[in-house]
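What follows is the residue order along each chain.
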Amino acid sequence: MARTKTVEPRSPQLVWFVAAPLMAAAVVLTVAAQLGHSIPRHHWLLASGFFALFLAADATPIRFEVRRHAFKLTLTELPLLLALFYLAPLPTVMARAAGTTVVHLRAARRGQSPVRTCFNIGALTASSASAAFIVARAGPLDEGNWRTWLVLTGAVAVNHLVTLGAVAGVITLMQGRFSSRELARTAIPGFSFALVCIALGLVVLIVVQQNRWAIVLVASVVAFFVVAYRSYAHSLDQHRVLQEMFELTQGIRDTRHEVTLFDSLLHGSRKLMRAEYATLSLPQQGRHPEVLLTAKFGSDGLLDLPATPDALRRHALETGRTVAIGAKLGDAEDLRAQLSKGQATEVIVVPLKSGAAVIGCLEVVGRLADAAFRPGDVRMLEAVAAHVAVAVENSRLVDRLRFDAYHDSLTGLPNRRRIVQALEESVKVRAPGEVVAVLLFDIDGMRDVNESLGHAAGDKMMIEVARRLRALAPAAALVGRAGSDEFIVTLRAEHAEAAVSLAEELRGKLRDPLMLGTLTLDVDTAVGIVLHPDHGSEPAVLLRRADLAAQAADLLPSGVQLFQPALESRSVRRLGLASDLRRVLDSDELEIYFQPKVSLTDRRLVGVECLARWEHPTHGSVAPEDFVAVAEHTGQLNKLTEVVLREGLHRCRQWADAGRPLNVAVNLSPRTLVDPEFPDRVEQMLAEHGVAPGQVTFEITEDGVVGDSDRPMPTLHRLREIGVRLSVDDFGTGYSSLAYLRRLPVHEVKIDRTFVEGMATDPGDLAIVRAVVDLSRHFGLSVVAEGVESELTLDLLEEIGCDIGQGFLFSRPLPYERLEAWFGAQTEAERTPAGEVRRLRAVP
């Protein structure tokens, strides 16, 4: 909150420049008025009575406040008029001065400053001396003479005007220029009231002149008037307090925002308590910062400075009890000593409580208009503090609900709703030549971490990823969490290349090892990138396309993919294939192709790999990775695997019955390996088709059996116990080592085609293949090379000792009927004790 510049009051010592001349003027005027006049003795006796009247009139003022000071509209004009008529100048002035002195000395004991006390005594004495001087110079006064009435009226009026002028002069000296509007607002009611008092004084004078005992009746009427007025004034004050309390609580209730709440309650509390300062203190709590704001008299804004000593505030916060110090309020001497170190003379500090907890303090300092805080004011401020505490808690509750609605509860990052809102704002304003980039980070392996280590470990991983992204992302970027394992970074970039470069940099730094207990995990991510306006303007469209790009990035070695329209058309196509795939699987319309596998030492056909193919009537040939992905996301993967396996076992049984046995290989998804019921279904289908387990090989991708999770292990061991063979497919494309494969229950390694295809021309690929073959033999594993497409590659594989080859050099994947024709055209039969063996003709 910005500070509000206000005009600070000047030093109170400047009042002496007005008080001293007033006292001197009082003495001079009194002496001048008394010169040439004698003082009868009975005047001193009468002066004591007028002293009592002056004292009673001053003790029952009608208070009238303006700016920092209050004016007292008293009935003193009434006894003054009578004293001017009945007494000599000196007794009149002394009686008036004595009454004023007693009243203001009592005020000094309540905390009124000495300089103010002296000013008030001097001003009233000087005004009385002025009135006495005028009466003395006017000559003797006759009873009932209109001239007497005019002289007394003028003298009392001058008395009032001198008092008003002295007060206006002091206010101008202390506070600055005293506006004519404020002067008129102050003078007119006071002067009017003075005229009423003068009229009453003249009436009393006439009545008393008629009968001395009428003074008793006049005194009774005046006493009744004073009592009635005090009751009325008390009623008005109560009404004012109730009205201002209602307005304050109404304003607190209707305030929606915390900033306006503070403004409303501080100014309302200061006005209600008639205090010079009102301060709200809220210590830091969670993500709520410390609040220390002050409303000051004469200022419309709030100051960010306290008005009370810190020791008093700490005492209220620590004890939870109200601190009240003032002339009419008692408190410990040590606290009063703390107060004396500051400029304030009266303080009330009330703790704000939420249940048993103290959440802050509400403070008021310095009662305006020479008044003092009373015990009733303490109770009233405590009632206000109760409303304030509820309002602050409600405001913070609303703020927490608003924060929770737009932030992730685990990481504290903006959630998808807030990200969408920020994107809506970002796309509205774009500088020429810049783009709004959305980077979606998809964390790999989260499901494995949750399932193997528990969700608590997964939460720790997400918290650490959030911390790293916040620390690594540019300061102007918005980092949010869009899903369970998806994080979003949005920012403005110069061009697409800059966004891609940033994504690669962040992805690289996120891959630093992460410690989870005794385990060390690598944080790998796939990053999808979309740009506004190139890839859309709607936030929902941008986020959807970023997700598609992240899915594509998961298949790339770089792990980063800028969105391309082809990705969306492929995704839409996959979505449309879901229902068609279910129908195809239920009606056995999926076609199974077979690709031969050949022993490289003797060119003998040893088996086939079963591959699913789908010819869609509308979309044409559907790539296997597309319908396999559809099957995984729609829960049809087990059905797809069973269809392929069942067809492979059926053909294996047919070939065995024909006297030419061939092994079959079927690909398994990593998700199938975590299905504990899959080995039982395999055993059941083997028995159903009468196929020996050793004739079946399951090929599992390297990522499916190598990694931090051991969840596939029970399924792999169970399959090995059944007797089927296990092969690691696409070996070399992951991050495993042959040493790790030693503990896997596999029988063979299948080298990825990318190394086999390049080994004839790339020495590096040749060295990799040679190393895999040598180490596999050392571990007792057979080696299959896929992607054999040239005779030179075939010769090299045979030379380094590879066991089995598979590739276009031998045959492409073929449907069953064409495979049977290929058997007749490309192989020749050879009878062995185990049955007929087919050897290749085409490859010498």
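Treat the numbers as computed from the prediction; the structure is a model and nothing was measured.

Colleague: How should the sheet that holds strand β10 (residues 478-481) be read in this particular structure?
Modeller: The strands that make up a sheet pair up through hydrogen bonds in the backbone, lying either parallel or antiparallel. Strand order in the open sheet formed by five strands is β10-β11-β9-β14-β15, and the pairing between neighbours is mixed. Both edges of this open sheet fall to β10 and β15 (560-562), since each of them pairs with a single strand only. Ignoring strand direction, the axes of neighbouring strands in this sheet form an average angle of 20°. Here strand β14 (residues 525-532) pairs with β15 via three bridges, running parallel. When the bridges of β15 are listed, Ile-529 appears paired with Leu-562.

Colleague: Would you explain the sheet that holds strand β5 (residues 302-303) in this entry?
Modeller: Across the sheet, six strands lie side by side as β5-β4-β3-β8-β7-β6; this open sheet has antiparallel pairing. Edge positions in the sheet fall to β5 and β6 (323-325), since each has one partner strand and no second. Two strands pair when backbone bridges link them, and strand β3 (residues 275-282) and strand β4 (residues 291-296) are joined in this way by six bridges, in the antiparallel orientation. Bridged to Ser-281 within β4 is Leu-292. Strand contacts of helix α10 (residues 310-319): β3, β4, β6, β7 (347-354) and β8 (357-367), with the helix running at about 140° to β8, the strand carrying the most contacts. Along the sheet, helix α12 (residues 375-406) contacts β3, β6, β7 and β8; its crossing angle with β7, the most-contacted strand, is approximately 40°.

Colleague: Help me out: how do you make sense of the nonpolar core in this one?
Modeller: In globular proteins that are soluble, nonpolar side chains generally tend to be buried together. In this structure, Trp-655, Val-696, Phe-698, Leu-719, Val-724 and Leu-797 are the most contacted members of the largest nonpolar core, which totals 74 residues. For this core, the element with the highest residue contribution is helix α20 (residues 637-657), accounting for seven residues. Apart from the residues lying within four places of it in its own chain, the contact partners of Val-724 are Val-682, Leu-686, Pro-693, Val-696, Phe-698, Leu-719 and His-747. Judged by nonpolar contacts, the second largest core, of 35 residues, contains Leu-439, Ala-457, Ala-493 and Ala-503.

Colleague: Mind showing me how you'd approach empty space enclosed by the protein here?
Modeller: Any empty space left between atoms is shown by rolling a water-sized probe over those atoms. On inspection of all chains with the given rule, the structure shows two cavities of 30 Å³ or more. As a volume, the second largest cavity reaches approximately 40 Å³. Lining of the second largest cavity is provided by Gln-595, Arg-753, Glu-786, Gly-787, Gln-806, Gly-807 and Phe-808. Broken down by class, the residue content of the lining of the second largest cavity amounts to one nonpolar, four polar and two charged.

Colleague: What am I meant to see in unusual backbone geometry here?
Modeller: The bulk of non-glycine residues show a negative phi, and the bulk of peptide bonds are trans. Put simply, His-532 and Pro-533 share a cis peptide bond, and its omega is 15°. Mapped onto the fold, Pro-533 is located in the loop between β14 and α17 (539-553). Positioned with a positive phi, Arg-603 is a non-glycine residue whose angle comes to about 60°. Looking at the element boundaries, Arg-603 is found in the loop between β16 (591-599) and β17 (604-616).

Analysis parameters
Residues numbered from 1 in each chain as written. Predicted model: local features only at pLDDT ≥ 70, side-chain atom pairs only at ≥ 80, totals over all residues. Heavy atoms only, no water. Pairing = 2+ DSSP bridges. Helix = DSSP H or I, 4+ residues; strand = E, 2+ residues; numbered from the N terminus. Axes fitted to C-alpha atoms, helices over the stretch in contact; angles between N-to-C directions. Contact = heavy atoms within 4.5 Å. Core = buried A, V, L, I, M, F, W, Y, C linked by side-chain atoms within 4.5 Å. Buried < 20%, exposed > 50% of the residue type's maximum accessible area, 1.4 Å probe, protein only. 1 Å grid on protein atoms, 1.4 Å probe; cavity = no way out; pocket = protein on both sides within 12 Å on 5 of 7 lines; lining within 4 Å. Points joined across faces, edges and corners; volume = space filled by probe spheres on them. Nonpolar A, V, L, I, M, F, W, Y, C, P; charged D, E, K, R; others polar.

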